[in-house]
Amino acid sequence: MTSARERLAMQGIGFTAIGMAMASMATAQEPPASAGIQEVIVTAERREASLQDTPIAITAMDAATLIDRGITDFEGVIKATPSMSFTPYPSTANTFTVYMRGSGVQDAGQITIDTAIGLYQDGFYISRGQMTTFDLADIERVEVLRGPQGTLYGRNTTGGAVNLISRKPSGEFGFKQELGFGSEGRIRSLSVIDLPKWNGLSAKLSFLKRQQDGYVKNLGSSHDFGEEDQTAGRVALRWDTGAPFTVDYFYERGDLDSTPLYYTNAALIGLIPGYHESGHPETRSYRAIDLPISPGDFESHGLTLAWKASDTLTLKSLTGYRDLSVAYHQDYAETFFVGFRSLDDIRSHQFSQELQAVGSLLDGRIDYVAGLYYFKEAGRHYQNAVITNALPGSAPLLLDKNRYVEMESKSQAAYAQLTWTPPVLDDRLALTFGARYTQDDRSATRRILNTYFGYPIGVEPAPGMVNSNDLKSNRVNPSFTANFAWTGDISTYLRVATGYKAGGSSESVDVGQFGITFRPEDVTVYELGLKSYLLDRHLRLNAAAFMSKYEDMQLFFNSNPGDLSVVLGLNAGKATMSGLELEALWQPVDALSFTLEYSWLDAKYDEVLAPAGTIFDPAVNPASPYRVGQNVKGLFSTGYAPKNSINLGTNWTFLKRGHSELTAILNYRWEDRVFHGSGAGPDVPNRDKVSRPAVGLLDGRLSWKTELPKEARLRVDLWGKNLTDKAWPLYVILSGSPVPVRDPLSGVVSPAGYGTPPMAWAERRTYGVNLVYEF
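It should be emphasised that the depicted structure is a prediction, and the values quoted were computed from it without experimental measurement.

Re the overall build of the chain
Each helix and strand counted, the chain has 3 helices and 41 strands in total. For the chain, the C-alpha radius of gyration of 27 Å lies close to 28 Å, the compact-globule estimate for 775 residues. Dimensions of the chain, computed from C-alpha atoms along their principal axes, come out at roughly 80 × 55 × 55 Å. Every one of the 775 residues in the chain was classed for burial, and the buried ones make up 55%. For the chain, the share of sequence-separated contacts (at least 6 apart) that also reach a separation of at least 24 residues comes to 68%.

Here's what the structure looks like:
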């Protein structure tokens, strides 16, 4: 039986053979420069370069692609990217649990934990996952870099990084108005005004309004589940007099009011009178629920100074600030067999400063980028959880827990990367070396207030209920890439890169455990890639085979057998995640194109050592059949990561008349079964109960475009999503334990495994019309 390294080596031999074979095909007939698929320019390595010349697994989508596929938010980007998946956070629909290549963070609601996918807007890092459902208003391009990006992008990019690049002011007068209407009260309006340049200063103003009604109706007079109301504005300025010095600045503010997803549990049918007896839990609540609006707002500033010191050197300064405030309310409506309401109030303030030097040496044989980076974030998280007994005749109040956490995080880094093209092999070989040194320092304090178990125990924090922690760490992240161009249209690359996810602590540990922290999680990836144009540049085929080795994995364990919501974070695992990604665009004629995005992921834990002080420890949980230090990897799975996923699309302009054309666009996405959590390994009984089944969704769009007098353009789209009206669970909550648990009060032992889980259903078929007018 071959090992993972041997399989990757065989894939490398295969890629090399494919590259040589396709090289002979391409050299037989070199295409004219203007024929076939057009080049895509990206800035993944901090300088402009062709997508095909950049030896990284990248998905790039320009503005035309985004509108053709109906992508207006981060969710759409995720669905269009191989090896990327998501699910909404249980307490709020405006926060995503995002995974890429099997790497992510399960609890995005904790401010003491960082994500594994770096999100950047115009080069500025967005540290918190809250409100990542914001609209992609006036975006020029989206670049998704798959795999660790520790050298140029730093910490918290073990899965990859996403760059959102906004349109800069053009300096010429222009106007664009997008207006959309759809089912469930959908309205989307985007207005953009580009102002003429004045004394070297250009300006652009954007205003967005987007809203929709809830798709699960609340039987009461309160808000429905799934509502959204978003308002945002942006001012972008660019000062450019033609001199070597340019200034770019943006100010952005947005408000997003929403309501969460609605959760149901089929096990309650017959236990609670009237509980979803109609069999349609995804369209209405079973009772009236008092559901407040969850408000959120953000404010961002970004200042970029660039000085072209010479033809071979550009110096940049990037200064950013972001302020986030969000409060989300959730009512789980008895899905856990008790009444369960929660409130989370999160504040975050972040500042960053980066200095860059981008240049070349030796007549262009060496391209380099070097920089210094500073980041600081301060935040707080207040959480209130109220649990009431749903059974008639029982005491009404079981628990009222209030938790208040403050945190501060600082990070400093220095990095450099250079690409050398040696004067051999007709300049077809390029070698890239990089490294980054980072120092992290973070601290947190937690207060537990007003906890009731049927009676109050005090307004002030009880002794032992105020705890703090502090964590300092440093990392060096090297990288190496060898890229070989077989022809002008075909290249293969070998990449070895590293990254890490910052250390931290769990907010939800038991009393007295908040001082326990976990170290950074490290990853090394070995990747073989192919970039190619074929068939006279009518086919673009890119592929990547990778193997990621994880050390010191940050895993979360239940530590209180009487309360499985108490979770302790520790470094206790190792894993290997191997996969294959394919992206293809075939354009046989100008009016017709087909797309394919496919990913296969084999994600396995190599080691999970049962830690002391958790439910695996017999001293804590006498029902545990395991001993401390035992390898229990069979009880764990890499959640949120489907083994197979595929996107198929077609774009056909089937009618042209004068200056008008009519285009049909179809896209089908299919994902394998996934587990929404890590505690559902192959050795856990009934684990299939807590999986989200495989699902395939079909979207369609009919687009009419025409040119109007005075260089104006009009576009009208009729669109539909989930055209087959499929009912499917969007999120499944693990309810149970991978090991038997003995309740310390009653002595009752609950068996290992999971029962019927709470789940939230996705929205059914939606449809609408969009209009775009611009000149």
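Next comes the rest of the account.
Quick look at the packing of aromatic side chains
The tally for this structure, following the rule as stated, stands at 29 aromatic pairs. Ring geometry for F134 and F298: centres 6.3 Å apart, planes at 50°, overall tilted. Here F134, found in the loop between β8 (124-126) and β9 (139-146), pairs with F298, found in strand β17 (residues 296-310); they are 164 residues apart in sequence, far enough to count as distant. Like F298, F134 is buried. Seen in terms of ring centroids, F336 and F340 are 5.9 Å apart; in terms of plane orientation they differ by 65°. Their pairing is edge-to-face. The ring centre of Y153 lies 4.7 Å from the NZ or CZ of R46, which sits over that ring. The positively charged end of R101 is found above the aromatic ring belonging to F546, 3.9 Å away from the centroid.

Some points on the nonpolar core
Among the nonpolar cores identified, the biggest contains 43 residues, and F557, F616 and F636 are the most heavily contacted of them. Listed by contribution, the elements that provide at least two residues to this core are β18 (313-331), β21 (397-420), β25 (521-534), β26 (539-558), β27 (567-589), β28 (592-608) and β40 (759-761). Each residue touching F636, except ones within four places of it in the same chain, is listed here: F557, Y605, V608, F616, S678, G681 and P682. Of all hydrophobic cores here, the second largest spans 24 residues; its members include Y99, V216, L697 and Y731.

Digging into the sheet that holds strand β4 (residues 84-88)
Strand order across the open sheet formed by 3 strands is β4-β5-β6, with antiparallel pairing between neighbours. The sheet is open, and its two edges are formed by β4 and β6 (103-104), each paired on a single side. By the bridge criterion, 2 bridges tie strand β5 (residues 96-100) to β6 in an arrangement that is antiparallel. Note that in β6 the partner of Y99 across the bridge is G104.

Quick word on the pairing of β25
Within β25, 11 of the 14 residues are buried, leaving the element largely enclosed by the surrounding structure. Note that β25 and β26 share 13 bridges and pair antiparallel. Paired with L530 across the bridge in β26 is A543. The turn linking β25 back onto β26 is made up of 4 residues, and L535 within it adopts a positive phi angle of 55°.

So, the sheet that holds strand β35 (residues 729-732)
The antiparallel open sheet is built from 3 strands, whose spatial order is β16-β40-β35. Two strands lie at the open edges of the sheet, namely β16 (263-264) and β35, each paired on one side alone. Sheet topology note: the β35/β40 ladder contains 3 bridges and is antiparallel. Looking at the pairing, V732 lines up with M759 of β40.

Brief notes about the environment of T724
Topologically, T724 is positioned in the loop between β34 (712-721) and β35. We classify T724 as exposed; its relative accessible area is 53%. For the pair T724 and D699, spaced 25 residues apart in the sequence, the C-alpha separation amounts to 8.8 Å.

A look at unusual backbone geometry
In this model, D427 sits at a positive phi of 60°, which is unusual for a non-glycine residue. Residue classification places D427 among the partly exposed positions, given a relative accessible area of 43%. One non-glycine residue, R537, lies in positive phi territory at about 65°.

What about the pairing of strand β11 (residues 174-182)?
In terms of strand pairing, β11 meets strand β12 (residues 186-198) through 9 bridges, oriented antiparallel. Looking at the pairing, G180 lines up with R188 of β12. Remark: 3 residues form the turn of the hairpin made by β11 and β12, two consecutive strands paired antiparallel; E184 in that turn has positive phi of roughly 55°. As judged from the 7 bridges shared by β11 and strand β41 (residues 766-774), these two strands associate in the antiparallel manner.

Some details on the pattern of salt bridges
Under the criterion given, the structure shown has 60 salt bridges. The shortest N-O distance in the salt bridge between E252 and R234 comes to 3.2 Å. Linking E252 in strand β15 (residues 245-258) with R234 in strand β14 (residues 228-240), this pair joins segments that are 18 residues apart in sequence. On the basis of relative accessibility, which here comes to 11%, the residue R234 falls in the buried class. Three or more residues joined by partner-sharing salt bridges are found here, namely D73, D135, D138, R167, K176, E178, R188, D194, K204, R210 and E228.

Side note on the environment of A60
Within the secondary structure, A60 sits in strand β3 (residues 58-62). For the pair A60 and L145, spaced 85 residues apart in the sequence, the C-alpha separation amounts to 8.7 Å. Setting aside residues up to four positions removed in sequence, A60 forms contacts with V40, V42, L51 and V142.

Some thoughts on the side chain of S127
Summarising the element assignment, S127 is placed in the loop between β8 and β9. For S127, the side chain forms a polar contact with the side chain of Q350, separated by 2.7 Å. In this structure the side chain of S127 is engaged in a polar contact, spanning 3.2 Å, whose partner is the side chain of E377. Among all residues touching S127, those that are not within four sequence positions of it are S348, Q350, F375 and E377.

Regarding the side chain of Q417
Mapped onto the fold, Q417 is located in strand β21. Taking relative accessible area as the criterion, Q417 reaches 10% and is therefore assigned buried. There is a polar contact of 3.4 Å between the side chain of Q417 and the side chain of E45. Once residues lying within four places of it in the same chain are set aside, the contact partners of Q417 are E45, T151, L152, D367, Y368, V369, T432, F433, G434 and S479.

Points about a nonpolar patch on the surface
Side chains of F173, I193, L195, L205, V235, L708, Y773 and F775 sit close together on the surface and give an oily, nonpolar patch of about 600 Å² of accessible area. Among the structural elements, V235 can be located in strand β14.

Concerning the environment of T132
Turning to its location among the elements, T132 is positioned in the loop between β8 and β9. For the pair T132 and L119, spaced 13 residues apart in sequence, the C-alpha separation works out to 9.2 Å. Beyond its immediate stretch of four places on either side in the chain, T132 contacts F74, N94, T95, F96 and L119.

Some thoughts on the confidence of the model for the chain
Model confidence for the chain is summarised by a mean pLDDT of 91, while 92% of its residues fall at 70 or above. Low pLDDT, under 50, characterises residues 1-34; the stretch is placed with 45 contacts to residues that sit more than four places away or in other chains.

Reading the values: rules and limits
Residues numbered from 1 in each chain as written. Predicted model: local features only at pLDDT ≥ 70, side-chain atom pairs only at ≥ 80, totals over all residues. Heavy atoms only, no water. Helix = DSSP H or I, 4+ residues; strand = E, 2+ residues; numbered from the N terminus. Rg over C-alpha atoms; globule rule 2.2 N^0.38 Å. Buried < 20%, exposed > 50% of the residue type's maximum accessible area, 1.4 Å probe, protein only. Contact = heavy atoms within 4.5 Å. Phe/Tyr/Trp six-rings, centres within 6.5 Å; stacked < 30°, edge-to-face > 60°. Lys NZ or Arg CZ within 6 Å of the ring centre and 35° of its normal. Core = buried A, V, L, I, M, F, W, Y, C linked by side-chain atoms within 4.5 Å. Pairing = 2+ DSSP bridges. Salt bridge = Lys/Arg side-chain N within 4 Å of Asp/Glu carboxyl O. Polar contact = N/O pair within 3.5 Å; in protein donor to acceptor, adjacent residues only side chain to side chain. Patch = residues over 30% accessible without salt bridge, like charges linked within 9 Å, V, L, I, M, F, W, Y side chains within 5 Å. Areas by Shrake-Rupley, 256 points an atom, 1.4 Å probe, with all protein chains shown as cover. pLDDT = per-residue confidence, 0-100.

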